[in-house]
Amino acid sequence: QAKLDMITGMIAIKYTQSNSVGYSKDGMMIGVGAGQQSRVDCVKLAGRKVATWRLRFHPRVTGLKFKDGVKRQDRVNARVRYIEGDMDKAEFEQWSKNFEVVPEPLTAEEKASFLAGLDGVTIASDAFFPFRDSIDHASKLGVKYIAQPGGSVADEEVISACDGYGMTMSF
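Residues numbered from 1 in each chain as written. Predicted model: local features only at pLDDT ≥ 70, side-chain atom pairs only at ≥ 80, totals over all residues. Heavy atoms only, no water.

## Comments concerning the overall build of the chain
Then comes step 1: When helices and strands are counted, the chain shows 8 helices and 5 strands.
Then comes step 2: Counted from the first residue to the last, the chain has its helices and strands arranged as α-β-β-α-α-α-α-α-β-α-β-α-β.
Then comes step 3: For the chain, the spread of C-alpha atoms along the three principal axes comes to 55 × 30 × 30 Å.
Then comes step 4: When contacts within the chain are restricted to residue pairs at least 6 apart in sequence, long-range pairs at least 24 apart make up 49% of them. (Helix = DSSP H or I, 4+ residues; strand = E, 2+ residues; numbered from the N terminus. Contact = heavy atoms within 4.5 Å.)

Below, the structure written as structure tokens:
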């Protein structure tokens, strides 16, 4: 499965604007970050999408009690807003109309605990990782496999970071 995820990631990012990285799991892309000025910014941007994807499966999210008649896309949007949790007063009032009883927000601790269960994720990059910071961040999102072309003067540092996290990297 890891090989398939590496291939899936490399194909997907081939068609995005550089700099780009993509996280994949179980044959699907779960986060893509592209067009940023630094590789680590792409890793973080895509990582936020991975976190949102994963948190959609949190029991509090899957258990949201919507009013009858709330359309499918409105439910999807409401779940994402619930996960993000950064609504201002007007947004919150509008969002609340989707529910019979407005749910309590997910806490940072609940999110972190659930995200800690994420494992077996692959990250692919369209260019080398110039520093270990991208690896450090990816480790927080269950990354175990990395596909990248290599060629950085800091490859040894990046390899060492991967080894320290128990990640497998393919050049």
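Let us keep going from here.
## Concerning unusual backbone geometry
Then comes step 1: Cis geometry marks the peptide bond from S18 to N19, where omega comes out at -15 degrees.
Then comes step 2: Within the fold, N19 resides in the loop between α1 (2–14) and β1 (20–25).
Then comes step 3: Its identity is not glycine, yet D26 carries a phi of approximately 55 degrees, on the positive side.
Then comes step 4: Turning to its location among the elements, D26 is positioned in the loop between β1 and β2 (28–34).

## As for the sheet that holds β2
Then comes step 1: Strand order in the open sheet made by the 5 strands is β2-β1-β3-β4-β5, with mixed pairing throughout. The open sheet has two edge strands, β2 and β5 (168–170), and neither has a second partner. The average angle at which neighbouring strand axes cross in this sheet is 20 degrees, direction not considered.
Then comes step 2: When β1 meets β2, the two strands line up antiparallel, connected through 6 bridges. The partner of S20 across the bridge, within β2, is A34.
Then comes step 3: Each of β1, β2, β3 (121–125), β4 (143–147) and β5 is contacted by α1, which is oriented at about 35 degrees to β3, the strand it contacts most. (Pairing = 2+ DSSP bridges. Axes fitted to C-alpha atoms, helices over the stretch in contact; angles between N-to-C directions.)

## So, helix α2 (residues 39–55)
Then comes step 1: Between the first and last C-alpha of α2 there are 24 Å, a value that for 17 residues agrees with the 24 Å anticipated at 1.5 Å per step.
Then comes step 2: α2 sits mainly inside the fold: 12 of its 17 residues count as buried.
Then comes step 3: Inspection of α2 places R39, V40, C42, V43, A46, G47, V50, A51, T52, W53, R54 and L55 among the buried residues, and these make up the whole buried set. (Expected span 1.5 Å × (residues − 1). Buried < 20%, exposed > 50% of the residue type's maximum accessible area, 1.4 Å probe, protein only.)

## Notes on the pattern of salt bridges
Then comes step 1: In the structure shown here, the tally under the stated rule is 6 salt bridges.
Then comes step 2: Close ionic contact of R81 with E84 constitutes a salt bridge, the shortest N to O distance being 2.7 Å. Placement of both R81 and E84 in helix α4 (residues 72–84) is noted, with a separation of 3 residues, approximately one turn of the helix.
Then comes step 3: The partly exposed category is assigned to R81, whose relative accessible area is 22%.
Then comes step 4: For R81, the salt bridge identified is with E91, shortest N-O distance 3.4 Å. Of this pair, R81 sits in helix α4 while E91 sits in helix α5 (residues 89–96), placing them 10 residues apart in sequence.
Then comes step 5: A cluster of three or more residues bridged by salt bridges with shared partners is formed by R81, E84, D86 and E91. (Salt bridge = Lys/Arg side-chain N within 4 Å of Asp/Glu carboxyl O.)

## Let's talk about the packing of aromatic side chains
Then comes step 1: In total, this model carries 5 aromatic pairs according to the counting rule given.
Then comes step 2: Ring geometry for W53 and F57: centres 5.4 Å apart, planes at 75 degrees, overall edge-to-face.
Then comes step 3: Residue W53 is classed as buried on the basis of its relative accessible area of 15%.
Then comes step 4: Residue F57 is classed as partly exposed on the basis of its relative accessible area of 41%.
Then comes step 5: Ring geometry for Y82 against W95: centres 5.9 Å apart, planes inclined by 5 degrees, an arrangement best described as stacked. Remark: W95 occurs in helix α5 and Y82 occurs in helix α4; sequence separation between them is 13 residues. Residues Y82 and W95 agree in their burial class; the two are buried.
Then comes step 6: Aromatic rings pair up to connect F66, Y82, F92, W95 and F99 into one cluster.
Then comes step 7: Above the face of the F114 ring, R54 is positioned so that its terminal group lies 4.2 Å from the ring centre. (Phe/Tyr/Trp six-rings, centres within 6.5 Å; stacked < 30°, edge-to-face > 60°. Lys NZ or Arg CZ within 6 Å of the ring centre and 35° of its normal.)

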